[in-house]
Amino acid sequence: MNYQDAQLKLLAYVRSQIRNGELTERGFARRIGISQSHVHNVLKGVRNLSPNIFDLLLNYLHLSLLDLVPSDDLEAHLLSRRMPLRSPEVPFLARPIGPGMPWPAGLNRRKNFPLPFPSTHAPANLAMASLIADPSMRSLGSSDVALLDTSPSRLTNLAPQGLFVVERGNEAILRYIRPGAHRYYLATDATLDTPSDWEPFPASAFAAAVKARVRWIGRERDRDLLPQRGRFLYDPISS
């Protein structure tokens, strides 16, 4: 609603009060301190309603600007203000990742997913991935999707709870990484608590093999929920 709409609403209310006999032009003009002819011309649309007289009318009638807004419009506006804004969308990798699937060479920009955290833009280093079911990773399902961070900083924080996309042979799989004295180790959900079962990984190939750090895991079917359901493995705002 703009100022002109508010004027029209207020004048319509005053006219209805006069038609119903609750007000007269003369009495109304006397109470707000202006001439009857001026009130008459304003109500007929011959004269404009100045901001000063507008405020006098509101005060006399014990109204506020909110009283001039239709309740349906007010509720719709409040609802729109409460609803979270849709986040920018991130493209998917060209192919799913998981057992038997190599690391994709590019992106499928025709398929996107909203960022699961507030942001004004989608950083270029982020990509979504569809996940193939991995029997060794019980916490992941075939309908899961993951937000991946492919920036160089992916290697700087090997947090114990972190999941990483590791290219091993001709497949890109999700694994936990544990550093050792002379090599790294890959762990799964099944072996996480048994270090003797961790898979050794040569340190010389580590940087090239770790393709991404998993920032968030959710389900593709929840893409239209605001915010999207899922779990963060790292602070979404951190690098």
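Provided above is the structure to which this section pertains.
Residues numbered from 1 in each chain as written. Predicted model: local features only at pLDDT ≥ 70, side-chain atom pairs only at ≥ 80, totals over all residues. Heavy atoms only, no water.

**Student:** Pulling in residues and values, what's your account of the pairing of strand E3 (residues 126-130)?
**Tutor:** Residues in a regular strand point their side chains to alternate faces of the sheet. Most of E3 sits inside the fold, with five of its five residues counted as buried. On E3, burial covers both faces: Leu126, Met128 and Ser130 on one face and Ala127 and Ala129 on the other are all buried. One ladder, built from five bridges, connects E3 with strand E4 (residues 144-149); its direction is antiparallel. Its bridge partner lying in E4, Met128 is registered against Leu147. (Buried < 20%, exposed > 50% of the residue type's maximum accessible area, 1.4 Å probe, protein only. Helix = DSSP H or I, 4+ residues; strand = E, 2+ residues; numbered from the N terminus. Pairing = 2+ DSSP bridges.)

**Student:** Report on the environment of Val210, specifying residues and quantitative values.
**Tutor:** With respect to the element layout, Val210 can be found in strand E9 (residues 210-219). For the pair Val210 and Arg168, spaced 42 residues apart in the sequence, the C-alpha separation amounts to 9.1 Å. Those residues in contact with Val210 that sit more than four places away from it in its chain are Arg154, Leu155, Phe164, Val165 and Ile177. (Contact = heavy atoms within 4.5 Å.)

**Student:** Break down the packing of aromatic side chains for me, with residues and values.
**Tutor:** In total, this model carries four aromatic pairs according to the counting rule given. Considering the side-chain rings of Phe92 and Phe113, the 6.4 Å spacing of their centres and the 85° angle between planes classify their relative orientation as edge-to-face. Remark: Phe113 occurs in strand E2 (residues 107-114) and Phe92 occurs in strand E1 (residues 89-93); sequence separation between them is 21 residues. Neither Phe92 nor Phe113 differs from the other in exposure class; each is buried. An aromatic cluster is built from Phe92, Phe113 and Trp216, whose rings are joined through pairwise contacts. (Phe/Tyr/Trp six-rings, centres within 6.5 Å; stacked < 30°, edge-to-face > 60°.)

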